[in-house]
Each structure stands twice: as C-alpha cells, then as structure tokens.
Amino acid sequence: MTETEAEPETAATTANGEPRGTLLSSVQMARFVARGALRLDAVVPDGMNAEALGVLADGMEHVPYGTPLSQAYREGSFVQRLLELPQVAGALRSLVGPEPAVDHHAVHIREPHGGEAQPLHADSIIDVRPDAFDVQLMYYPQEVTLEMGGTLSVPGSHLRRTNETDTGRYQNLRGQDRLVCPAGTVVFLHHGLWHGGRRNDSETVRYMYKIRFAPRVRQRLLWDTTDLHDPRVNSELDVQFPWYEQAAGRLERYNRVLLWRELTGDSTFDLTHPWVTRVTNRPTATAPGSAPVRSEEDAA
Ligand SMILES: O=C(O)CCC(=O)C(=O)O
Ligand SMILES: [Fe+2]
C-alpha cells in the first residue's frame with residue numbers, strides 16, 4: 001500500500017483510522033439480544049462522575065427529536081465527553097451504528113425517602129418492532145446501593161408484546177434485577193425491556209441520566225464479529241429466565257432467533273432445528289399442473 005492510499009476500514013477503525021471505541025463482541029451482542037440489557041460497570045472516571053452531579057442537577061437543554069448525535073451536544077460538553085468514552089462509544093456503535101438520532105433525553109431523580117416505586121413498564125406503547133430496536137443509555141454517576149432506588153428491570157422481557165404499564169400489575173418477578181452498581185456505571189437497555197425506578201429509601205438523592213437513541217443505519221454486523229461462530233453465541237441466545245412460562249419461554253428464544261437473523265443477515269440461523277425454519281416456510285413454487293394464479297391486473 002502506498003502512503004497516499006486511505007486506510008482500509010476495519011472493525012476497530014473508521015476509514016480515517018479513527019478509533020470507534022471498544023466494540024462489543026458477538027458473545028456480548030448475543031447476550032444483549034437474549035437479556036435486553038448490557039451493563040458496563042464503572043466505565044466513567046471519578047472526575048466526570050463528580051462533574052455530572054452538578055450538570056444533572058442544573059438540568060439539560062432540550063434536544064429536538066431525531067437530532068443526529070454529532071449535532072445534539074455542544075463540543076466539549078459533559079454529554080459529548082461521556083459518549084466519547086471508548087467503552088460507551090463502542091457499545092453504542094455496536095448496538096445502533098454510527099451517528100444515531102437522539103429520540104429524547106432526561107434526568108431521572110429519585111428523591112431521598114420520597115415518592116413511590118414506578119410500576120413496571122416499557123418506555124413505549126406502540127413500538128413492537130421485532131427486527132430493529134432503539135437503545136436507552138442509562139448513566140449512574142453515583143454508587144447506587146439497594147436502598148437508593150436503582151432501576152429495576154426484568155431480564156429477557158424486551159421481546160414480549162405488552163403495552164407499556166400493563167405490566168405494572170406484576171410484582172417481584174423471579175430473576176428480576178434491582179440495580180446496585182458502582183459510580184460511573186452505564187447500562188444500555190433495549191427499548192422494550194420492562195423496568196421501573198424503585199423507591200429511594202436512603203438519605204441521598206439518586207441521579208440517573210437517560211438518552212434514547214434510534215439507529216440511522218441498518219443494524220447489521222455493527223460490532224466486532226471476529227467471534228461470530230463462537231459456540232457461546234448460541235448458549236447466550238438460548239438462556240432461560242426463571243420467570244418464563246414453559247411454552248412462552250420458548251417463544252422468547254424463538255423471537256431472539258428472528259432478531260439474530262436480522263442482525264447477522266444469516267437467514268438460516270436457528271437455535272433448535274427446525275423452529276424458525278418451519279415457521280418461515282412460504283414456498284413460492286406452484287404445484288405441477290396447478291392453475292396459474294390470476295393477478296388483479298389480469299382480472300381487470
Ligand atoms: O428512574 C429510574 O430508574 C427509571 C425511570 C424510568 O424508567 C422512567 O421514568 O421512565
Ligand atoms: Fe422508563
């Protein structure tokens with residue numbers, strides 16, 4: 001290669017040779033597809049976490065729906081620096097690709113000894129996309145103890161079709177996750193995951209900053225795919241959760257196969273042959289000797 005030639009684009013760099021952050025592996029992506037969440041513990045440095053408490057308490061400027069990420073936050077602003085941290089940038093890029101759109105952002109405050117637990121909910125009532133997803137980044141600048149009202153979520157609930165707070169009647173599902181985490185933790189949620197802020201029983205205000213991102217490119221093979229055929233991909237995708245019913249639990253795993261097919265472009269992928277293969281059978285060949293199908297144009 002001569003010196004004037006552009007660098008080839010690789011999983012780890014852009015065409016300009018710029019790092020894309022630490023991309024997720026296929027095993028991590030499969031884990032996200034199965035669980036509906038990815039947690040990165042203490043990835044934000046202490047100095048930024050201290051700064052965040054002031055920034056979040058002051059409130060955030062409005063970002064109009066659909067603003068491309070590079071236009072959403074001012075150069076050098078806290079949020080821009082947060083999103084440039086290698087693990088945060090790499091995870092975001094792996095999940096929704098470069099330059100996603102900001103749907104909305106919000107600071108979520110749980111006051112000391114204040115309020116009630118939120119009912120279990122997904123953040124959207126009408127978003128039942130089976131083949132694409134938005135992510136919600138949730139950033140916790142403080143250590144969150146069990147008493148502080150960390151976000152509760154239900155692993156593996158994101159692909160089940162329910163309507164927003166209709167899940168609120170469910171309490172204490174087996175396998176639910178009550179977030180307890182070190183300062184500087186970032187969690188990415190699939191938009192369909194059932195979750196809710198818990199009551200804050202502590203003396204401390206609990207801050208969480210959320211940004212919902214929508215992809216602006218097809219969500220296909222955006223992560224580091226070197227380990228695409230690692231057997232742990234299948235075992236992650238096949239995981240069972242203790243709250244699943246016998247039959248509907250199989251449906252969850254079936255739905256993950258559909259999503260994995262979309263994310264990889266592998267239309268033959270299946271977990272248990274012939275689950276998805278059977279259901280996607282739509283032969284186009286006509287039987288020998290059968291009458292040709294008359295189109296509406298022919299009939300006119
Ligand atoms: O405060 C939290 O932990 C979650 C907040 C939330 O999910 C919401 O307000 O929609
Ligand atoms: Fe929510």
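Above this text is the structure in question.
As a starting point, this report considers the structure included with it. (Residues numbered from 1 in each chain as written. Chains lettered and ligands numbered in written order. Predicted model: local features only at pLDDT ≥ 70, side-chain atom pairs only at ≥ 80, totals over all residues.)

## Describing the overall build of the chain
Condition: A run of H or I in DSSP counts as a helix once it spans at least four residues, and a run of E counts as a strand once it spans at least two, with each numbered from the N terminus. Buried means a residue has 20 or more other C-beta atoms within 10 Å of its own C-beta, exposed means 12 or fewer, and partly exposed covers the counts in between; C-beta atoms are placed from the backbone. Each residue is represented by a C-beta atom placed from its backbone, and any two residues with such atoms within 7 Å are regarded as in contact.
Counting its secondary structure elements, the chain contains nine helices and nine strands. Counting the 300 residues in the chain, one finds 32% classified as buried. The long-range share in the chain, meaning contacts at least 24 apart out of those at least 6 apart in sequence, stands at 86%.

## Quick look at the packing of helix 1 (residues 26-35) against helix 7 (residues 246-264)
As a reminder, the rule being used: Axes, fitted as lines to C-alpha atoms, cover a helix only where it is in contact. Angles between the N-to-C directions of the axes lie from 0 to 180 degrees. Orientation is classified from the angle alone, with under 35 degrees giving roughly parallel, over 145 giving roughly antiparallel, 65 to 115 giving roughly perpendicular, and any other angle giving oblique. Note: crossing handedness is left-handed where the near helix turns anticlockwise from the far helix by less than a right angle, and right-handed where it turns clockwise. Residue type decides the class: Asp, Glu, Lys and Arg count as charged, Ala, Val, Leu, Ile, Met, Phe, Trp, Tyr, Cys and Pro as nonpolar, and the leftover types, Gly among them, as polar.
Two elements in contact, helix 1 and helix 7, have axes separated by 10 Å at closest approach and are oriented at 140°. As summarised for this structure, helix 1 and helix 7 are arranged oblique, according to the angle between their axes. Handedness of the crossing formed by helix 1 with helix 7: right-handed. Of helix 7, the residues touching helix 1 (which contributes Met29, Val33 and Ala34) are Arg256, Leu259, Trp260 and Leu263. Classifying every residue of the contact of helix 1 with helix 7 by side-chain character gives six nonpolar, no polar and one charged.

## Looking at the nonpolar core
Worth spelling out the cut-off: We call a set of buried Ala, Val, Leu, Ile, Met, Phe, Trp, Tyr and Cys residues a nonpolar core when their C-beta atoms link them within 7 Å.
Grouped together as the largest cluster of nonpolar side chains are 55 residues, with contacts concentrated most on Val33, Val135, Leu137, Tyr139, Phe188 and Phe213. The contacts of Val33, once residues within four sequence positions are left out, are Leu237, Arg256, Leu259 and Trp260.

## Here's the deal with the site of ligand 1
The cut-off we apply is this: Any residue whose backbone-placed C-beta atom lies within 6 Å of a molecule or strand is treated as near that molecule or strand.
In the vicinity of ligand 1, the contacting residues are His108, Arg110, Gln118, Asp123, Thr151, His195, Gly196, Gly197 and Met208. Broken down by secondary-structure element, the contributors of at least two residues to the shell around ligand 1 are strand 3 (101-110) and strand 8 (195-197). A total of three residues in the shell around ligand 1 trace back to one element, the largest contributor, which is strand 8. The residue inventory of the shell around ligand 1, partitioned by class, reads one nonpolar, six polar and two charged.

## Considering the sheet that holds strand 8
Sheet strands line up and pair through hydrogen bonds in the backbone, either parallel or antiparallel. Basically, it comes down to this: Note on pairing: two strands pair once DSSP finds at least 2 bridges between them.
Reading across the sheet, the three strands line up as 6-5-8 and stay open at both edges, with antiparallel pairing between neighbours. Edge strands, defined here as strands with exactly one partner in the open sheet, are strand 6 (177-178) and strand 8. Judged from the three bridges that link them, strand 5 (residues 151-153) and strand 8 form a sheet pairing that is antiparallel. The residue of strand 8 that forms the bridge with Leu152 is Gly196.

## Overview of the sheet that holds strand 9 (residues 206-214)
With antiparallel pairing, the six strands of this open sheet are ordered in space as 1-7-4-9-3-2. Single-partner strands in this sheet number two, and they are strand 1 (37-40) and strand 2 (67-68). With two bridges connecting them, strand 2 and strand 3 associate as antiparallel partners. Residue Thr67 lies in a different strand from strand 3, and its bridge partner there is Val102.

## Re helix 2 (residues 46-58)
Under the convention used in this document: By this rule, a helix spans an expected 1.5 Å times one less than how many residues it contains. A residue's bend is given by the angle between axes fitted to the 7 residues ending at it and the 7 residues starting at it.
In this model, helix 2 (13 residues) spans 19 Å end to end at C-alpha, consistent with the 18 Å of a helix rising 1.5 Å per residue. In the structure, helix 2 departs most strongly from a straight axis at Ala52, where the bend amounts to approximately 25°. Looking one or two places after helix 2, you find Gly59, whose phi comes out positive at around 90°.

## Focus: the environment of Ser157
For Ser157, the position within the fold is in the loop between strand 5 and strand 6. Ser157 sits in the buried class, given 27 other C-beta atoms within 10 Å. Separated by 123 residues in the primary sequence, Ser157 and Ala34 have C-alpha atoms spaced 9.0 Å apart. Beyond its immediate sequence surroundings of up to four residues, Ser157 is in contact with Gly36, Leu193 and Trp194.

## Things to note about unusual backbone geometry
Cis geometry is found at the peptide bond from His273 to Pro274, where omega equals 0°. As for its position among the elements, Pro274 is in the loop between helix 7 and helix 8 (275-279). Even without being a glycine, Asn172 presents a positive backbone phi close to 50°. You can see Asn172 is positioned in the loop between strand 5 and strand 6. Of note in this structure, Leu221 is not a glycine but carries a positive phi near 50°. Tracing the backbone shows Leu221 in the loop between strand 9 and helix 6 (231-237). The partly exposed category is assigned to Leu221, around which 16 C-beta atoms lie within 10 Å.

## A closer look at the pairing of strand 4 (residues 135-140)
Taking burial as the measure, the six residues of strand 4 include six buried ones, the bulk of the element. As defined by bridge partners, strand 4 adjoins strand 9 across five bridges and the pair is classed as antiparallel. Each residue of the ladder has a partner; that of Met138, found in strand 9, is Lys210.

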